[in-house]
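# Results of the structural survey
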Amino acid sequence: MKKQVVANPARKRLKLVGASALMLLLSACGDHPPKDDKKDDKPPPVQAAISIVAGSATESGSRDATGTSARFDRPSGITIDTAGNLYVADRDNNTIRKITPAGVVTTLAGSVDAREIIDGVGGAARFLDPNAITIDSSGTLFVTDYLHIRSVGTGGQVNIVATLPTGTGDGRNTGALVPQGVAVDKRGNLYATNRYGTRRISGTATTILEGINAPSNAFGTLGAPARGIAVDGSDNVYVATIQNTIARTNGSTTLSHLAGTANVTGSADGTGSGASFGQVVALTVDPQGNVYAADDTNYLIRKITPAGVVTTVAGTRGSTTLGTGALPGSLASLGGIVTDGKGNLYATSGHAVIKIVLPQQ
């Protein structure tokens, strides 16, 4: 008869403790990734600020390069395509410039110091006074140039697509007739502003949204104060009116007041008629229906909500030099503005193209 071996109770307890420890270790270090108990592991919010995309805060010139090594001379209108490329009407260089998302600046059309109206491709084209600029869904640019609106195709082909009427008067008054704002809707209708009116151009047909088509017997030297105009994704039109307010229309010929005090110049934030503007040279609209205005004589960027509430989002009253960094910063003379629809604005200020990262909502 074999002798039965009785296990030592102490040794048995030791084995059980060891097995339990091994199971816990395997559970903690198994094939699955360890649990992350950090619930606030989100990237820090982007800081609202002004930065230079291309050009210089103080130095003018004409140089194709990257970022702050590039040079512009009084850049004016600005627009953006679906790939994030910016296009700038480089006014005193008489050229149209392209800026990639990486900040690489090239000349798309026109020639420096060659001031003429000549259709052509790329550098063979000539501009006289390129000012406002917009882009349609196909990537075609539209630029105001003296009395004309000109198209710039994706290959750089430049053509005259519309010419504003001059009415009657002497040559000193021509400047008042020059279009200073341009926008395009999804149907290809163009919108333009000058001193005397705001119009929709559809092929050869013109509809006046405010003011008159052309003056009669206009004499004397009169300039054309720039007035911004923009179209949103639903083809609503927003315009800086002749009365120095911001108005909108859904395609009719009736403009509806949104913000600003008629025929009053100022910089007051407020709601509706409680706000005032200096000279709104450009407008842009984000996907939420907020309008952003480049208020040049106040050196400010103003926000107008769909309810007509006006606030200042960038720039400091009384400061006229470009200062980067945290908002509000300060701005030099403004020429154009555009939104990328992602919470960022791009504007021309002084001799630079700047990016304004807005506060996160």
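Because the structure is a prediction, the values reported are computed rather than measured.

### What about the environment of Lys342?
Summarising the element assignment, Lys342 is placed in the loop between strand E25 (334-339) and strand E26 (344-349). Residue Lys342 is classed as exposed on the basis of its relative accessible area of 72%.

### A closer look at the sheet that holds strand E14 (residues 205-211)
An order of E11-E12-E13-E14 is seen for the 4 strands of this open sheet, with the pairing classed as antiparallel. Each edge of the open sheet carries a strand with a single partner, namely strand E11 (181-184) and E14. Here the average twist between neighbouring strands, direction ignored, is 20 degrees. Taken together, the 6 bridges between strand E13 (residues 197-202) and E14 define a ladder with antiparallel strand orientation. By the bridge assignment for E14, Arg199 is matched with Ile208.

### Some words on the sheet that holds strand E24 (residues 325-326)
With antiparallel pairing, 5 strands are arranged side by side in an open sheet as E24-E1-E27-E26-E25. Looking along the sheet, the strands with just one partner apiece sit at the ends: E24 and E25.

### Describing the nonpolar core
Counting 20 residues, the largest nonpolar core has Ile301, Leu331, Ile337, Ile354 and Ile356 as the members making the most contacts within it. Elements represented by at least two residues in this core include exactly strand E20 (280-285), strand E21 (291-295), strand E23 (309-314), E25, E26 and strand E27 (351-357). If you tally residues by element for this core, the top one is E27, at 3 residues. When residues no more than four places from it in sequence are discounted, the contact partners of Ile337 are Ile78, Ala282, Leu283, Thr284, Tyr292, Ala294, Ile301, Leu345, Tyr346 and Ala347. Counting residues in each nonpolar core, the second largest holds 15 residues, with Ala259, Ala275, Phe277 and Leu283 among its members.

### Section: the packing of aromatic side chains
Applying the stated criterion across every chain, the model contains 0 aromatic pairs. The positively charged end of Arg97 is found above the aromatic ring belonging to Phe72, 4.7 Å away from the centroid. Sitting above the plane of the Phe127 ring, Arg150 keeps its charged end 4.8 Å from the centroid.

What counts and how
- Residues numbered from 1 in each chain as written.
- Predicted model: local features only at pLDDT ≥ 70, side-chain atom pairs only at ≥ 80, totals over all residues.
- Heavy atoms only, no water.
- Helix = DSSP H or I, 4+ residues; strand = E, 2+ residues; numbered from the N terminus.
- Buried < 20%, exposed > 50% of the residue type's maximum accessible area, 1.4 Å probe, protein only.
- Pairing = 2+ DSSP bridges.
- Axes fitted to C-alpha atoms, helices over the stretch in contact; angles between N-to-C directions.
- Core = buried A, V, L, I, M, F, W, Y, C linked by side-chain atoms within 4.5 Å.
- Contact = heavy atoms within 4.5 Å.
- Phe/Tyr/Trp six-rings, centres within 6.5 Å; stacked < 30°, edge-to-face > 60°.
- Lys NZ or Arg CZ within 6 Å of the ring centre and 35° of its normal.

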